[in-house]
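Residue-level structural notes
Below, each chain spelled out in residue letters.
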There are 2 protein chains.
Amino acid sequence: MKIYLAGPEVFLPNAREILDEKISLTRVHGFTPVAPGDLTVAPSLSGREKGLAISAHNEALMLSADVIIANLTPYRGLSADVGTVYELGFMCARGCPAYAFTNVTDGLFERTSAWYGGDVREDAQGQQRGTDGLMLENCGFVDNLMLDGGIESRNGAVIRHEASRERLYTDLTAFQACLAIAARQLLS
Amino acid sequence: MKIYLAGPEVFLPNAREILDEKISLTRVHGFTPVAPGDLTVAPSLSGREKGLAISAHNEALMLSADVIIANLTPYRGLSADVGTVYELGFMCARGCPAYAFTNVTDGLFERTSAWYGGDVREDAQGQQRGTDGLMLENCGFVDNLMLDGGIESRNGAVIRHEASRERLYTDLTAFQACLAIAARQLLS
């Protein structure tokens, strides 16, 4: 059974090292890893051509996989890396079991409230809104309800872990917890 | 032919008004609109139960649709609303034609460079990196390459428009451009 390893690790200076660690851990738990970031593109390609080649490569990898584990740790802002989120939606649409983890324990509501400096108010309909009028979801989820909902409705799991700031994208404690749950649910 | 209307408009104070405007424009262009945000959930439900109900409802709506138009305008940060992105990945996996628009003309690279205050440097491998070591994609796309790549590989289009700050989420100029392209490609 093949697991697609989605996450922003591909952007790290030591991406290869962390991806290899995830690949190794996936094997230890009895799965076959499918990891993005393996494609070597010709240096002569334009940025656009490179982007399209990597996108096509990753989509082919996803089509070859049976399961997804997505790293939803907030990335350069409030929410998960959108490349990872695209992949999560993609695999959920294919009916694949989906698991996710985040290295930040605060949920979306807490993070968004902090982003507004705590200035969040309830409107006449009982919705929480920021100073710009935009609604805050308050579902107790780690991110937008489509993400958590998509995972939970497929009997998956979303694991939270508080990593140190230095290991925000390299701490694999919660990733391993996802692997253990997936092994119990899918390999027994 | 049914178009799923994905975007962060559901979070606006005047969500109903903007969604109705999008629904109306979709009909004008010869399509049947499928819009999230229509579900009324029982007030007695917990936040988690509401979230799961809305997620299930939106997934059912997507399964009833043939095409997606996604509003990828940056939302509370650098990138698109992750709920919208999940839906884009979901519809792309189903093989549906996909279109997107953004009300900000700067691409992802320009926005991310600005986020780092312009302090972006090339590493030994020729990758652009921020002060935290994280890589910047430099493909000329509006957002992460999985989003633009998924749309372009399905023969879709990504339309950029510079809306005024006040109309960042309510200006439908680029949305209408998507509808016009979709009509030309799918209804003729």
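Predicted model, so just to flag it, every value in this text is computed and none were measured. (Residues numbered from 1 in each chain as written. Chains lettered and ligands numbered in written order. Predicted model: local features only at pLDDT ≥ 70, side-chain atom pairs only at ≥ 80, totals over all residues. Heavy atoms only, no water.)

Our next topic: the overall build of chain A. Scanning chain A from terminus to terminus reveals six helices and seven strands. Along the chain direction, N to C, the helices and strands of chain A fall in the order β-α-β-α-β-α-β-α-β-β-α-β-α. Taking 2.2 N^0.38 as the reference for a compact globule, 188 residues should give roughly 16 Å; the C-alpha atoms of chain A span a radius of gyration of 17 Å, in line with that estimate. Seen through its C-alpha atoms, chain A measures out along the principal axes to roughly 55 × 45 × 35 Å. Looking at chain A alone, contacts between residues at least 24 apart form 69% of all its contacts between residues at least 6 apart. Entry remark: accessible area of chain A is about 7600 Å², with carbon and sulfur atoms responsible for 50%. A distance of 5 Å separates the average location of the 16 positive side-chain charges in chain A from that of its 23 negative side-chain charges. (Helix = DSSP H or I, 4+ residues; strand = E, 2+ residues; numbered from the N terminus. Rg over C-alpha atoms; globule rule 2.2 N^0.38 Å. Contact = heavy atoms within 4.5 Å. Areas by Shrake-Rupley, 256 points an atom, 1.4 Å probe, with all protein chains shown as cover. Lys, Arg positive; Asp, Glu negative; His and termini not counted. Charge placed at Lys NZ, Arg CZ, Asp CG, Glu CD.)

Bringing the interface of chain A and chain B into the picture now. Contacts between chain A and chain B engage 52 residues on the former and 52 residues on the latter. Carbon and sulfur atoms make up 68% of the surface buried where chain A meets chain B, a total of about 4100 Å² over both sides. Among the residues chain A hides against chain B, the three largest losses belong to Arg76(A), Tyr86(A) and Met146(A). Together they make up 21% of the total. The interface formed by chain A and chain B includes four salt bridges. Across the contact surface, chain A and chain B share 14 residue pairs in polar contact (both at pLDDT 80 or more). Those elements giving two or more residues to the side of chain A that touches chain B turn out to be helix H2 (47-63), helix H3 (82-93), helix H4 (108-115) and helix H5 (145-152) of chain A. (Buried area = accessible area lost by both parts, 1.4 Å probe. Salt bridge = Lys/Arg side-chain N within 4 Å of Asp/Glu carboxyl O. Polar contact = N/O pair within 3.5 Å; in protein donor to acceptor, adjacent residues only side chain to side chain.)

All names here are of chain B. Most of strand S4 (residues 98-102) is tucked away, with five of its five residues classed as buried. Burial along S4 is two-sided: the residues Ala 98, Ala 100 and Thr 102 and Tyr 99 and Phe 101 are all buried. In terms of strand pairing, strand S3 (residues 67-71) meets S4 through four bridges, oriented parallel. Residue pairing for S4: Asn 71 is matched across the bridge by Phe 101. For the crossover that starts at S3, traverses helix H3 (residues 82-93) and ends in the parallel S4, the hand is right-handed. Pairing of S4 with strand S7 (residues 157-160), which is carried by four bridges, proceeds in the parallel orientation. Residue pairing across strands places Ala 100 opposite Val 158, the latter belonging to S7. (Buried < 20%, exposed > 50% of the residue type's maximum accessible area, 1.4 Å probe, protein only. Pairing = 2+ DSSP bridges. Right-handed = clockwise from strand over helix to strand, strands pointing away.)

Residue and element names in this part refer to chain B. With four of five residues buried, strand S1 (residues 2-6) lies mostly within the body of the structure. Bridge count for S1 against strand S2 (residues 32-34) is three bridges, and the pairing is parallel. Of the residues in S2, the one forming a bridge with Lys 2 is Thr 32. Between the parallel elements S1 and S2, the chain passes through helix H1 (residues 15-28) in a crossover that is right-handed. Summarising the sheet, S1 and S3 pair through four bridges and their orientation is parallel. Within S3, the residue paired with Leu 5 across the bridge is Ile 69.

Moving on, we come to the nonpolar core. Tyr4(A), Leu72(A), Tyr86(A), Leu88(A), Tyr4(B), Leu72(B) and Leu88(B) are the most contacted members of the largest nonpolar core, which has 54 residues in total. For Tyr86(A), the contacting residues outside a window of four places in its chain are Glu59(A), Met62(A), Val85(B), Leu88(B), Gly89(B), Cys92(B), Met146(B), Leu147(B), Gly150(B) and Arg154(B). Ala157(B), Phe175(B), Leu179(B) and Ala183(B) belong to the second-largest nonpolar core, a separate cluster that totals 20 residues. (Core = buried A, V, L, I, M, F, W, Y, C linked by side-chain atoms within 4.5 Å.)

Here we take up empty space enclosed by the protein. Tallied over the entire structure, the rule returns two cavities of 30 Å³ or more. The volume enclosed by the largest cavity comes to roughly 430 Å³. Lining the largest cavity are 31 residues; nearest its centre among them are Ser79(A), Ala80(A), Ser79(B), Ala80(B) and Val82(B). Among the secondary structure elements, those contributing two or more residues to the lining of the largest cavity are H4 of chain A together with helix H4 (108-115) of chain B. Of the residues forming the lining of the largest cavity, the biggest block, three residues, is contributed by H4(A). A per-class count over the lining of the largest cavity returns 15 nonpolar, eight polar and eight charged. Looking at the second largest cavity, its volume works out to about 40 Å³. Around the second largest cavity, the lining residues are Gly107(A), Leu108(A), Phe109(A), Glu110(A), Glu137(A), Cys139(A), Gly140(A), Phe141(A) and Asp143(A). (1 Å grid on protein atoms, 1.4 Å probe; cavity = no way out; pocket = protein on both sides within 12 Å on 5 of 7 lines; lining within 4 Å. Points joined across faces, edges and corners; volume = space filled by probe spheres on them. Nonpolar A, V, L, I, M, F, W, Y, C, P; charged D, E, K, R; others polar.)

Our next topic: the sheet that holds S2(B). Residues and elements named next belong to chain B. Spatially, S2-S1-S3-S4-S7 is the arrangement adopted by the five strands of the open sheet, whose pairing is parallel. Since the sheet does not close on itself, it has two edges, and those belong to S2 and S7, each with one partner. Strand-to-strand twist across the sheet, computed as the mean angle between neighbouring axes with direction ignored, equals 20 degrees. Together, S1, S3 and S4 form the strand contacts of H3, whose direction differs from that of S3 by roughly 155 degrees. Helix H6 (residues 173-186) rests against S1, S3, S4 and S7 of the sheet, and its axis sits at about 160 degrees to S4. (Axes fitted to C-alpha atoms, helices over the stretch in contact; angles between N-to-C directions.)

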